[in-house]
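Listed below, chain by chain, are the residues.
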Amino acid sequence: MNHIVSVSNVSKNYNLGQVVVPALRGVSLDVAEGEFLAIAGPSGSGKTTLLNLVGCVDTPSAGTVTVDGKQTGQLSERDLTRLRLHTIGFIFQSFNLVSVLSVLQNVELPLLLQRALSARERRERVLALLDRVGIREYSKHRPSELSGGQRQRVAIARALVTRPKLVLADEPTANLDSVTGTNILNLMKELNQSEKTTFIFSTHDARVWAYASAVVRLADGQVQDRVSAEEAVRAGGLPTGRPV
Amino acid sequence: MRGYLDTLKVIALIALRNLFASRLKTLIVGGIILFGSLLVVVGTALVDSVDASMSRSVIGSVAGHIQVYSSKSKDELTVMGGMNMESPDLTPIDDFAALRRTLLGVPNVKAVVPMGLSSAIVTAGNTVDVVLERLRDLARRRLAGEDVQAAYESEKDHVRQIIKVLSADMDNVRKIQNEKAISQDDLAAAAKAASEELWAGFDRDPYPALEFLENRIAPLASDADMLFLRYLGTDGDAFAKSFDRMKIVDGTAIPRGQRGFLFSKWVYEQQVKLKTALRLDRINDGISKRSKTIARSEELQRWIKQNVTEVKEIMLQLDGQKTASFRRLLQGELGSQQSDVAKLLSEFFRVDDANFAHRYRFFYDKLAPQLELYRVRVGDMLTIKSFTRSGYVQSVKLRVYGTFVFEGLEDSHIAGELNLMDMVSFRELYGSLTPERAREVQEIKTMAGMKEVSREQAEAELFGKPDLGETAPIGRAGDEAEAVLRSLAGRQQREDRASQPYDPAQLEQGDVLNAAVIVKDPRRISRTIKDIEAAGAKAGIPLRAITWQKASGLVGQFVTMIRAVLYISVLIIFAVALVIINNALVMATLERMPEIGTLRAIGAQRRFLLGMLLVEALAVGVLFGSLGALLGAGIVGVIGAAGIPASNDILYFLFSGPRLHPSLSPANVIISLAIVLAVSAISSIYPGLLAMRVSPRQAMQSDD
Ligand SMILES: Nc1ncnc2c1ncn2[C@@H]1O[C@H](COP(=O)(O)OP(=O)(O)OP(=O)(O)O)[C@@H](O)[C@H]1O
Ligand SMILES: [Mg+2]
């Protein structure tokens, strides 16, 4: 099987003045194409740190991260940015839409940065996607005029508009109520099924695991285990045994 | 390419939306930029206009484009606007013909005008002296049997009138100041002059009385003002041709080949005109040209007060007939029964805003025709005394041919302080050895059978010592000759000769102190200056050539000064603008860290963010800069249509006329926009660097 992401023996330390905070300690993880992978773990366990490394917004202190065949530690800032633009889509916990742009413009933004499509092609693709995530009628609205769930749909559309191989989502449902959260997860799962896009998302919401093809459990910056969704759900809680 | 444009569009969109989102900040920054660019447009347009008009004034009046003088000179040449009245000490250039030839050989030179600057104090007769001389003449003719009885009686009456005026004046002074202000001798003299004994025997034997009056009474009048005249010796024809703003007002130009003097109209008005009339003119100007009112202007009130108290000047001019005529006219005008003309005049000159215009007209229509308005009239002979280079007093008697102005600069004393004189007379006053004088010296030497006359001998014979004791004699042929001339020929002879014509060729042959150069292409002045100095060196005439700016001294530097002030204030404003724009952008950047992080995370390169901030800064700059420039252009347009009035004579000169009509040139707007763009670009550098350093991880860390 082809690995779109390959994390091998990675450590990440943060320097807080004199103190060195080890956020990840010898993490190894392979993600196959088309997976819908959940990363679970308590607060401070290193989920965001791991996603940052995979998402090429940070590089490891030790070990290697390979994304789409490229080892990120060896890429320049420019190349990392390019990799993010063309290969990766981001969905943020707090949506991170550009407040001064309309829904349509927000979604179009990555395409503009890519400079690959004509205006008409861009428009078609954006509108089709907005249709797909169910907010086409809001295309002219500003993000501030939308509800949290609608905003997250815009964020999903923006992450998917470049048809990336890999979509990363850091706690995509944390700021949503449970019904909306479920809808969003359904949408993500649907896109994962139809487009064969690989999804990696972090969460500490146990209900979310059911959607995942597999759950990687983190604790104290280390991979505890990698289990199937059923197993994780059956375990009924986090690796430390604390239910959420 | 298309994609590039679209990216630019989205950058612009984000930038503009951001600007709009923080409107208040944008407005503050924009306001400063607007003001800055407005200042640049209006300021540079004004300074450019003043520069252009002033250069017209300077170039068109005396300086020409370039002034040339000997590089051996002690002083630097300034032809106008010098603070002190001393003329600069220049070494003469001996052969003007050679100088002209050399200068005309330089490519860009169109015309050369010979010049020399000097000054003299001139006594323009005391009214009493003039009247007494007339009376003496009439008395002589009457005794010789001519029929001049009526004129004689009238003149005698005039003298008695004068004595009365002077006595009354002395009484006044004693009353106002104190008993001792007038000496007992003067009082006694006045009493004697008024006494019947003096006049009883006058018809029989007028001479002792006349002598007494001339010696004791005339000096009491003390209105024998000294005229301080700065004059320019030149070739009248060449001058008029090269400085075509020069226009004759009264009389004629100095005819070719004639010696003569032209008063600058300004000097003629200010120094030669009856003071009372001059003050009336000034009051009139103040009201009509500068919209002042007597009620509110202390200056006008002061002039009125002077006119009211100083009627003596007019009284001295009135003989019996005129006194009667004035009494009748003034009584009628004022509706008064007063018989004392001095009091009537005082009353007449006590004007207010309501009656000024009428009285002003009355003065010129009715009173002035009976007065000598100018102490020196066109056609009179003027004796000019001046120190020569070697320190002797030299004097020349010249006919006053007329008065002149520089068109558009009529009211400017800077352009009007120079009078004109023919070059030949100038050389004489200056003490040059003209060919004519060289010949004369030779004749005298032959006549006297002398080979050599030493300076000491000559001086001992006539003066005992030079007029300026400390001036060291220079061992020049001219000085020797001058000494000879003084000792043997005497002054009278040369004064007589001064009214005789000269050979125009003489103009060319003699020396000059400096010369004005008119060029064909004024844009190449600095190049031409170098060429002139090089040509001079080659021809063996060591020359210094200076621009009109330099030649016009402080006046020429005035615009440079204003420009400096303008540029410094523009610099300060834009420095402030730079700091404020920078701060605003830095704050905006810090506020938008998550957004910038997000953009970076989804694949925006650093230069995208740099572009975003640049566009943001430039958009504010262009928008408000253009608004400012537009507003500035509007202001310049309005000012240009209305004109800025020249409220004093320095402005008058700078404006080259009564009003400055500034106009806008594309350069003014371009400079303003260029500065605005540069400042905007520079001010976005630091926030740009900050934005570039924002990590895409910022996007992930916005947990709220
Ligand atoms: N920029 C940073 N500087 C210093 N320490 C950091 C930084 N980011 C994360 N850490 C530390 O690294 C460890 C892992 O943090 P991380 O954000 O990856 O945890 P997390 O699993 O995402 O937690 P949460 O569920 O609260 O989001 C924590 O101890 C955290 O304090
Ligand atoms: Mg986290």
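Above this text is the structure in question.
Attention here is on the structure that accompanies the text. Since we're looking at a predicted model, the values are computed, not measured.

Here is what the cut-offs are and how they apply
Residues numbered from 1 in each chain as written. Chains lettered and ligands numbered in written order. Predicted model: local features only at pLDDT ≥ 70, side-chain atom pairs only at ≥ 80, totals over all residues. Heavy atoms only, no water. Axes fitted to C-alpha atoms, helices over the stretch in contact; angles between N-to-C directions. Helix = DSSP H or I, 4+ residues; strand = E, 2+ residues; numbered from the N terminus. Parallel < 35°, antiparallel > 145°, perpendicular 65-115°, else oblique. Left-handed = near helix turned anticlockwise from the far one by under 90°. Contact = heavy atoms within 4.5 Å. Nonpolar A, V, L, I, M, F, W, Y, C, P; charged D, E, K, R; others polar. Salt bridge = Lys/Arg side-chain N within 4 Å of Asp/Glu carboxyl O. Buried < 20%, exposed > 50% of the residue type's maximum accessible area, 1.4 Å probe, protein only. Near = heavy atom within 4 Å. Areas by Shrake-Rupley, 256 points an atom, 1.4 Å probe, with all protein chains shown as cover. Phe/Tyr/Trp six-rings, centres within 6.5 Å; stacked < 30°, edge-to-face > 60°. Buried area = accessible area lost by both parts, 1.4 Å probe. Polar contact = N/O pair within 3.5 Å; in protein donor to acceptor, adjacent residues only side chain to side chain.

### Some words on the packing of helix H26 (residues 553-591) of chain B against helix H31 (residues 685-693) of chain B
All names here are of chain B.
Turning to step 1, where the next piece is worked out: Where H26 meets H31, the axes come as close as 8 Å, and the angle between the chain directions of the two elements is 15 degrees. Between H26 and H31, the angle falls in the class roughly parallel. As H26 runs across H31, the sense of the crossing is right-handed. The segment H26 lies against H31, with Asn582, Leu585, Val586, Thr589 and Leu590 engaging Tyr686, Pro687, Leu690 and Ala691.
Turning to step 2, where the next piece is worked out: Across the contact of H26 with H31, the residue classes break down as 7 nonpolar, 2 polar and no charged.

### Focus: the pattern of salt bridges
Side chains that differ in charge, positive against negative, can pair when their charged atoms come close.
All names here are of chain B.
Turning to step 1, where the next piece is worked out: Under the counting rule described, the total for this entry stands at 43 salt bridges over all chains.
Turning to step 2, where the next piece is worked out: Salt-bridge contacts for Arg160 lead to Glu196; the nearest nitrogen and oxygen are separated by 2.9 Å. Of this pair, Arg160 sits in helix H5 (residues 149-176) while Glu196 is found in helix H7 (residues 196-200), placing the two residues 36 residues apart along the sequence.
Turning to step 3, where the next piece is worked out: Under the relative-accessibility criterion, Glu196 is labelled exposed at 51%.
Turning to step 4, where the next piece is worked out: Linking Arg350 and Glu347 is a salt bridge whose minimum nitrogen-to-oxygen distance equals 3.3 Å.

### A look at the environment of Leu176 of chain A
Turning to step 1, where the next piece is worked out: Examined against the element boundaries, Leu176 of chain A turns out to sit in the loop between strand S7 (166-170) and helix H6 (178-195).
Turning to step 2, where the next piece is worked out: Not counting the four nearest positions on each side in its chain, Leu176 of chain A is found in contact with Phe95, Gly148, Gly149, Gln152, Gly181 and Ile184 of chain A.

### Details of the site of ligand 1
Turning to step 1, where the next piece is worked out: Taken together, 14 residues form the shell around ligand 1, and within it Ser43, Gly44, Lys47, Thr48 and Thr49 of chain A come nearest.
Turning to step 2, where the next piece is worked out: Those chains with residues close to ligand 1 are chains A and B.
Turning to step 3, where the next piece is worked out: Look at ligand 1: alone it shows 630 Å² of surface, and the protein chains cover 69% of it.
Turning to step 4, where the next piece is worked out: Elements that contribute at least two residues to the shell around ligand 1 include exactly strand S1 (3-16) and helix H1 (47-54) of chain A.
Turning to step 5, where the next piece is worked out: For the shell around ligand 1, the leading source of residues is H1 of chain A, giving 3 residues.
Turning to step 6, where the next piece is worked out: Grouping the amino acids of the shell around ligand 1 by side-chain chemistry returns 4 nonpolar, 8 polar and 2 charged.

### Details of the packing of aromatic side chains
Given two aromatic rings, one states the distance between the centres and the angle between the planes to describe the pair.
All names here are of chain B.
Turning to step 1, where the next piece is worked out: Applying the stated criterion across every chain, the model contains 18 aromatic pairs over all chains.
Turning to step 2, where the next piece is worked out: Pairing Phe239 with Phe406 gives two aromatic rings, centres 6.3 Å apart and planes at 50 degrees, and the pair type is tilted. Linking Phe239 in helix H9 (residues 236-242) with Phe406 in strand S7 (residues 393-406), this pair joins segments that are 167 residues apart in sequence.
Turning to step 3, where the next piece is worked out: Judged by its relative accessible area of 0%, Phe239 is buried.
Turning to step 4, where the next piece is worked out: Its relative accessible area of 4% is what places Phe406 among the buried residues.
Turning to step 5, where the next piece is worked out: On the numbers, 5.4 Å between centres and 65 degrees between planes, the contact of Phe348 with Phe349 is edge-to-face. When sorted by exposure, Phe348 lands in the same class as Phe349, which is buried.

### Digging into the interface of chain A and chain B
Turning to step 1, where the next piece is worked out: Taken together, the contacts link 31 residues of chain A with 30 residues of chain B.
Turning to step 2, where the next piece is worked out: Across the interface of chain A and chain B, roughly 2,800 Å² is buried in total on both sides, 58% from carbon and sulfur atoms.
Turning to step 3, where the next piece is worked out: The tally of links from chain A across to chain B stands at 2 salt bridges.
Turning to step 4, where the next piece is worked out: The residue Arg697 of chain B makes a salt bridge to Asp58 of chain A at a minimum N-O spacing of 3.0 Å.
Turning to step 5, where the next piece is worked out: For the pair chain A and chain B, the number of links is 9 residue pairs in polar contact (both at pLDDT 80 or more).
Turning to step 6, where the next piece is worked out: Of all elements in the fold, only H1, helix H2 (77-87), helix H3 (103-114) and helix H4 (119-133) of chain A reach the threshold of two or more residues within the side of chain A that touches chain B.
Turning to step 7, where the next piece is worked out: With 6 residues, the top contributor of residues to the side of chain A that touches chain B is H2 of chain A.
Turning to step 8, where the next piece is worked out: Class assignment of the residues belonging to the side of chain A that touches chain B gives a composition of 13 nonpolar, 9 polar and 9 charged.

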